[in-house]
Each structure stands twice: as structure tokens, then as C-alpha cells.
Amino acid sequence: MFVVCGEALMDVYVRDSTPTGLLLDARVGGSPFNMAVGLARLGQPVQLLAGLSQDVYGERLLQTLRDEGVGAALVVHSPAPTTLSVVSVNHAGVPSYAFHGHGAADRQLHPHTLPALPEAAQVLQFGSYSMVVEPVGGTLQALAAAERGRRLIAYDPNVRLNVEPDVARWRSVVGEMVGRSDLVKVSDEDLGLLYPDESPAHVAERWLAQGARLVVVTRGATGSEAWNRQGHAAAQSLLVDVVDTVGAGDTFQAALLTWLAEHGGLSAQALDTLDAHQLGAMLRFGARAASITCSRRGADMPRRAELL
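Each value, and the rule that gives it
Residues numbered from 1 in each chain as written. Predicted model: local features only at pLDDT ≥ 70, side-chain atom pairs only at ≥ 80, totals over all residues. Heavy atoms only, no water. Helix = DSSP H or I, 4+ residues; strand = E, 2+ residues; numbered from the N terminus. Buried < 20%, exposed > 50% of the residue type's maximum accessible area, 1.4 Å probe, protein only. Salt bridge = Lys/Arg side-chain N within 4 Å of Asp/Glu carboxyl O. 1 Å grid on protein atoms, 1.4 Å probe; cavity = no way out; pocket = protein on both sides within 12 Å on 5 of 7 lines; lining within 4 Å. Points joined across faces, edges and corners; volume = space filled by probe spheres on them. Nonpolar A, V, L, I, M, F, W, Y, C, P; charged D, E, K, R; others polar. Pairing = 2+ DSSP bridges. Phe/Tyr/Trp six-rings, centres within 6.5 Å; stacked < 30°, edge-to-face > 60°. Lys NZ or Arg CZ within 6 Å of the ring centre and 35° of its normal.

A. Region of the structure containing the environment of Ala 73. Along the chain, Ala 73 falls in the loop between α2 (56-68) and β6 (76-78). Judged by relative accessible area, Ala 73 falls into the exposed class, the value being 62%.

Shown next as C-alpha cells:
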């Protein structure tokens, strides 16, 4: 079983102007929430560990978890409001975000409110801004440290400077989490923000030396690369008519984890032994899944049958 840890929120899309304001379209979202849904759609058992509001948005998020087959036993309910992420998409389909989440439910996870993990939980997935805002950030970092070696730890920084603008804070958290993670997936855009003077290959080598077993870098339309102790592999992205890229990175990560689950790769030792052929197949599977999401509006992740 996968346990995805982090935020759940509402993405509020600005659709058009009206005579009296703006036409808005609110949709369930948040990188960890999307990834949990993506794993469920790909046929994987998954639970979401997150703080959810008891407001109307939180109830809608909870209903979506139920509808998608994502376990909600690890959800921590809160009277705090739901974070709203206002999304505008440019002519190339690339989204920008404005977050309204200070004091929101997704940030109200404390060590004493964390539920006990089920014995069946084999993989813990962390990432996004929930790792750098408090109190949830410190809570989840401590959880990753406590569970390293007992369960596979996966991490995607998913840097959001409009939530936490301090790049040094992100670098500090990423550095700590890389040392606690077995699998790290990161976009070249995030690497450019965090380490503008280092090549992705150099960062990957450094992270492997810090203890990561597998490092994957996504490059948008130009493909992806992976490094482990056996070597390196690369894969091209698929050409599609892009509607927008919302959820593409979350889909890619869900697909990586699914491929590993289907090929006996969910252990630190298994990640060490993946050869270049296997790494390439894994990357191509992730690219196929992400291309489907990019061809649709919003974070509409594919189901397993669509990848046959």
C-alpha cells in the first residue's frame, strides 16, 4: 500500500470575466492529493495522509477520495478552512498559482495528531509545499526520518515559491529530505530554482551520494532522465496537443511508483539494481501517463487501461 502525505486543496481556475467579476471553476487538487488519485486510477492501493477541512470544500475533497477509491482512514479533520489555489493558465498551457492558505487545514498536522500507519503501508510519498510550511512541514519531515529503513520513502520537492518564497528554506528542506529518501523525482524547473549553477547530472550524483537510491529528473516536453547506482537512462516525452500541464508531474510520479510496484521495485535494494533498460522502460511509462494528463483539462490523470 502507498501512503501519500501532504496537502489537499481546491484549485480555482479563472475562466473568464463577467460584467460583475470573474467566472471561476473550483476543482479538487493539491499535488499529494492528485498523486493519491493518480495511484488509485492506476490500480494501486493508496491512502492519503492529510489535514482536511470540515467546510464545503473539505467535504468535496473527501467525497472525491471516496469516489476514486483512495483510502481516507488517515485523514485528519479540522475546523480550519481549505486552502484555495487560484490558477491562471497562459497561452502555452503553463499554469501559475496564487495560494490562499495561511492557517488552513492542510497545514494543521501536528505530531500528536498523526494517525498510526497501517502495517500494509510499504511506501510513503512526500512532497510539495506541505514540507516547508509549519506545523505540517516539521511533522512530515519527522515522520520520514522515523520511517526510513522500515518503508520506502519517495519525495518530489515540487517547489512553490509563491507559497514559501525563501529559496534557502527550500534548499534546507530538500537537503534533509533527500537524505531520508530512497526515490527522488524532481523537475528541471525546480532544479533551476534550487541549484542554478549545477547540472541535473551533478545534482543527481550528489543526491545518490547522500543516500538516495534512484533520482529522476523530468524535463517537460524534452523528456526525462534517471540515475541509480547501476548507471543512467533517458527517455523522450510523447508529442501531444497540450491543453495544460496541471498535474503532469504528479501523474509522472504516480506512474513511476506504479511501474515499480508492478515490477517488484519497491525496495531500496531493488532500486539499486535497476539496469538501464529497466530505467528506460520506467521513464517511458511515466511519459505516457503524463502525456495523457497534458491532453486534458486540469489534473485529470489516466486510468491503468489507458496505458495498455
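Read on for the rest.
B. Spotlight on the pattern of salt bridges. Under the criterion given, the structure shown has 19 salt bridges. A salt bridge links Arg 303 to Glu 68; the shortest N-O distance between them is 3.7 Å. Taken together, the residues span a long stretch of sequence, with Arg 303 in the segment after α9 (276-294) and Glu 68 in helix α2 at a distance of 235 residues. Accessibility expressed as a relative area gives 42% for Arg 303, which makes it partly exposed. What makes Glu 68 buried here is its relative accessible area of 18%.

C. Geometry of the layout of surface pockets. Its boundaries defined by the atoms lining it, the second largest pocket holds a volume of some 290 Å³. Surrounding the second largest pocket, 18 residues form its lining, Arg 27, Val 28, Arg 41, Thr 64 and Ala 299 being those nearest its centre. Elements that contribute at least two residues to the lining of the second largest pocket include exactly β2 (9-18), β3 (21-29), α1 (31-41) and α2. When residues of the lining of the second largest pocket are assigned to their parent elements, the largest contribution, four residues, is made by α1. Its residues assigned to classes, the lining of the second largest pocket comprises eight nonpolar, three polar and seven charged.

D. Spotlight on the pairing of strand β12 (residues 214-218). Within β12, five of the five residues are buried, leaving the element largely enclosed by the surrounding structure. Alternating residues of β12 divide into Leu 214, Val 216 and Thr 218 and Val 215 and Val 217, and every residue in both groups is buried. Here five bridges tie strand β11 (residues 183-187) to β12, and the two strands are oriented parallel to one another. Each bridged residue has a counterpart across the sheet, and for Ser 187 the counterpart in β12 is Thr 218. Sheet topology places β12 next to strand β13 (residues 224-228); five bridges connect them, and they run antiparallel.

E. Local environment of the packing of aromatic side chains. What the rule picks out here adds up to two aromatic pairs. Taking the centre distance of 6.3 Å and the plane angle of 75° together, the rings of Tyr 195 and Trp 207 count as edge-to-face. Of this pair, Tyr 195 sits in the loop between α5 (188-194) and α6 (200-210) while Trp 207 sits in helix α6, and the two are 12 residues apart along the sequence. An identical accessibility class is assigned to Tyr 195 and Trp 207; each is buried. Cation over ring: Arg 27 sits above Tyr 13, and NZ or CZ is 5.8 Å from the ring centre. Of note, Arg 206 hangs over the ring of Tyr 195, and the distance from its end group to the ring centre comes to 4.8 Å.

Treat this as a map of the structure, not an account of what it does.
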